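# Summary of the model geometry
In case you want the letters, here they are:
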Amino acid sequence: MEAVVYTSNTGSTEHYAKLLGYELSVSVYSTEEAGNKLPAGTEIIYLGWIMAGKIQGYGLARKKYKICAVCAVGMGQTGTQRKEIREKNSIPGKIPVFTLQGNFNVEKLHGMYKMMMSIMVKTAGKALEKKTDRTPEEEDILDMMLHGGERVRIQNLQGVISWYNGKR
Ligand SMILES: Cc1cc2nc3c(=O)[nH]c(=O)nc-3n(C[C@H](O)[C@H](O)[C@H](O)COP(=O)(O)O)c2cc1C
């Protein structure tokens, strides 16, 4: 593994990438930095934030680099949605996929993203609020939608760190 490359909008994915790079003693680059510094075919772990199920920047990254693992950062709890994310992003079975819970705060978004998520909070948020038998995961997402939340935790990287250590 030669590098960690990430795409972040509000900073959670960047935070995870830097924590992971530190833990694995591997250099960390944003996609823009990597564009100038990393040659095509470099072995990387790719981290991208999730928008409507799509891992941002993954499509371009997979054309250029040899992706050894993917971390998708979203609102859902760490370790959930792995199958859906793999399918929606057409990630081959041999590449491990890890999902990590990041931060969310509609007030920190701008432009189109703010508009999209304000609608989502009003629709999905209201529907969840009405639900009487919410699972703990739904409770957590509702709380994030209504009050915002900061969920980046080093422990959430345990899965990818164990995978990396087991591979060496
Ligand atoms: C427009 C938009 C769409 C999103 N869609 C999803 C989604 O489909 N699934 C999910 O888990 N999180 C979704 N999120 C939440 C972000 O992935 C989450 O806030 C993540 O932590 C952002 O990472 P960042 O801080 O690196 O930008 C969405 C956020 C925005 C702004």
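Residues numbered from 1 in each chain as written. Predicted model: local features only at pLDDT ≥ 70, side-chain atom pairs only at ≥ 80, totals over all residues. Heavy atoms only, no water.

## Section: the domain arrangement of the protein
- Looking at the protein, the domain boundaries give domain 1 (3-103 + 150-167) and domain 2 (105-148).
- Between domain 1 and domain 2, the C-alpha centre-to-centre distance is 24 Å.
- In total, domain 1 and domain 2 occlude about 1,100 Å² of area from one another, counting both sides; carbon and sulfur atoms represent 61% of this.
- Interface area lost by domain 1 to domain 2 is led by Met75, Gln77 and Arg151, which between them contribute 47%.
- Connecting domain 1 to domain 2 are 3 salt bridges.
- Between Asp140 and Arg151 there is a salt bridge; the shortest N-O distance is 2.8 Å. (Domains from an automatic or database assignment. Buried area = accessible area lost by both parts, 1.4 Å probe. Salt bridge = Lys/Arg side-chain N within 4 Å of Asp/Glu carboxyl O.)

## Some words on the packing of helix H5 (residues 111-130) against helix H6 (residues 136-147)
- Where H5 meets H6, the closest approach of the two axes is 10 Å, and the angle between their N-to-C directions is 140°. If you check the angle between H5 and H6, you find them oblique. Crossing geometry of H5 relative to H6 is assigned as left-handed. From H5, Met120, Val121, Ala124, Gly125, Leu128 and Glu129 reach across to H6, where they touch Glu138, Ile141, Leu142, Met145 and Leu146.
- Considering only residue class, the contact of H5 with H6 consists of 8 nonpolar, 1 polar and 2 charged. (Axes fitted to C-alpha atoms, helices over the stretch in contact; angles between N-to-C directions. Helix = DSSP H or I, 4+ residues; strand = E, 2+ residues; numbered from the N terminus. Parallel < 35°, antiparallel > 145°, perpendicular 65-115°, else oblique. Left-handed = near helix turned anticlockwise from the far one by under 90°. Contact = heavy atoms within 4.5 Å. Nonpolar A, V, L, I, M, F, W, Y, C, P; charged D, E, K, R; others polar.)

## Observations regarding the site of the ligand
- The environment of the ligand is made up of 23 residues, and the closest members are Ser8, Thr10, Ser12, Thr13 and Asn103.
- A distance of 2.4 Å separates an oxygen atom of the ligand from a polar atom in the side chain of Thr10.
- Against a free-state accessible area of 640 Å², the protein chains account for coverage of 91% of the ligand.
- A majority-of-atoms criterion places the ligand in the largest pocket.
- Listing elements by their share of the shell around the ligand, those giving two or more residues are helix H1 (12-24), strand S3 (43-51), strand S5 (66-74) and H5.
- Tallied by class, residues from the shell around the ligand come to 11 nonpolar, 12 polar and no charged. (Near = heavy atom within 4 Å. Polar contact = N/O pair within 3.5 Å; in protein donor to acceptor, adjacent residues only side chain to side chain. Areas by Shrake-Rupley, 256 points an atom, 1.4 Å probe, with all protein chains shown as cover. 1 Å grid on protein atoms, 1.4 Å probe; cavity = no way out; pocket = protein on both sides within 12 Å on 5 of 7 lines; lining within 4 Å. Sits in = over half its atoms within 2 Å of the grid points.)

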